[in-house]
Amino acid sequence: MIRIFVYLVGFGISVIGGVVMLASLNMMTPERGWIGYFVHIRTRIEFYLLPIGLLLMLGSLYFPYREE
């Protein structure tokens, strides 16, 4: 039951991070380019939600379940 909860929390967090990434990708202008976009991603805390959520999902799937 805990693994399902961790998976769903990770999924929600990664969706939020992905949506914020796509929303900021729409604000990218040709003058700034990809370098400016990646600098912007690195400086904002919301963008770290996507990898954190993915790690939670992968951790809940791949760590073995101990039945006690």
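The rules behind these values
Residues numbered from 1 in each chain as written. Predicted model: local features only at pLDDT ≥ 70, side-chain atom pairs only at ≥ 80, totals over all residues. Heavy atoms only, no water. Patch = residues over 30% accessible without salt bridge, like charges linked within 9 Å, V, L, I, M, F, W, Y side chains within 5 Å. Areas by Shrake-Rupley, 256 points an atom, 1.4 Å probe, with all protein chains shown as cover. Salt bridge = Lys/Arg side-chain N within 4 Å of Asp/Glu carboxyl O. Helix = DSSP H or I, 4+ residues; strand = E, 2+ residues; numbered from the N terminus. Axes fitted to C-alpha atoms, helices over the stretch in contact; angles between N-to-C directions. Left-handed = near helix turned anticlockwise from the far one by under 90°. Contact = heavy atoms within 4.5 Å. Nonpolar A, V, L, I, M, F, W, Y, C, P; charged D, E, K, R; others polar. Buried < 20%, exposed > 50% of the residue type's maximum accessible area, 1.4 Å probe, protein only. Phe/Tyr/Trp six-rings, centres within 6.5 Å; stacked < 30°, edge-to-face > 60°.

(A) Structural context of a nonpolar patch on the surface. On the surface, Phe5, Val9, Ile45, Tyr48, Ile52 and Leu56 cluster together to form a nonpolar patch covering roughly 560 Å² of accessible area. Mapped onto the nonpolar patch, the elements with two or more residues apiece are helix H1 (2-26) and helix H3 (49-62). Assignment of secondary structure puts Ile45 in the loop between helix H2 (33-43) and H3.

(B) Structural view of the packing of H1 against H2. Relative orientation of the contacting elements H1 and H2 amounts to 145°, with a least axis distance of 11 Å. Helix-helix and strand crossings are classified by hand; for H1 and H2 the assignment is right-handed. Two secondary-structure elements touch here, H1 through Met21, Ser24 and Leu25 and H2 through Trp34, Tyr37, His40 and Ile41. Its residues assigned to classes, the contact of H1 with H2 shows five nonpolar, two polar and no charged.

(C) Structural view of the pattern of salt bridges. This structure, assessed with the given rule, holds one salt bridge. As a salt-bridge pair, Glu46 and Arg44 come within 3.1 Å of each other at their nearest N and O atoms. Taking relative accessible area as the criterion, Glu46 reaches 26% and is therefore assigned partly exposed. Take Arg44: its relative accessible area is 37%, and that puts it in the partly exposed class.

(D) The side chain of Ser14, seen in detail. For Ser14, the location among the structural elements is in helix H1. In this structure Ser14 comes out as buried when scored by relative accessible area, which is 8%. Not counting residues within four places of it along the chain, the set of residues in contact with Ser14 comprises Leu49, Leu50, Gly53, Leu54 and Met57.

(E) Structural detail: the packing of aromatic side chains. Summed over all chains, the structure comprises three aromatic pairs. On the basis of an interplanar angle of 85° and a centroid distance of 6.0 Å, the ring pair of Trp34 and Tyr37 is categorised as edge-to-face. Residue Trp34 and its partner Tyr37 are located together in helix H2, separated by three residues, close to a single helical turn. Judged by its relative accessible area of 8%, Tyr37 is buried. Linked through ring pairs, Trp34, Tyr37 and Phe38 together constitute an aromatic cluster.

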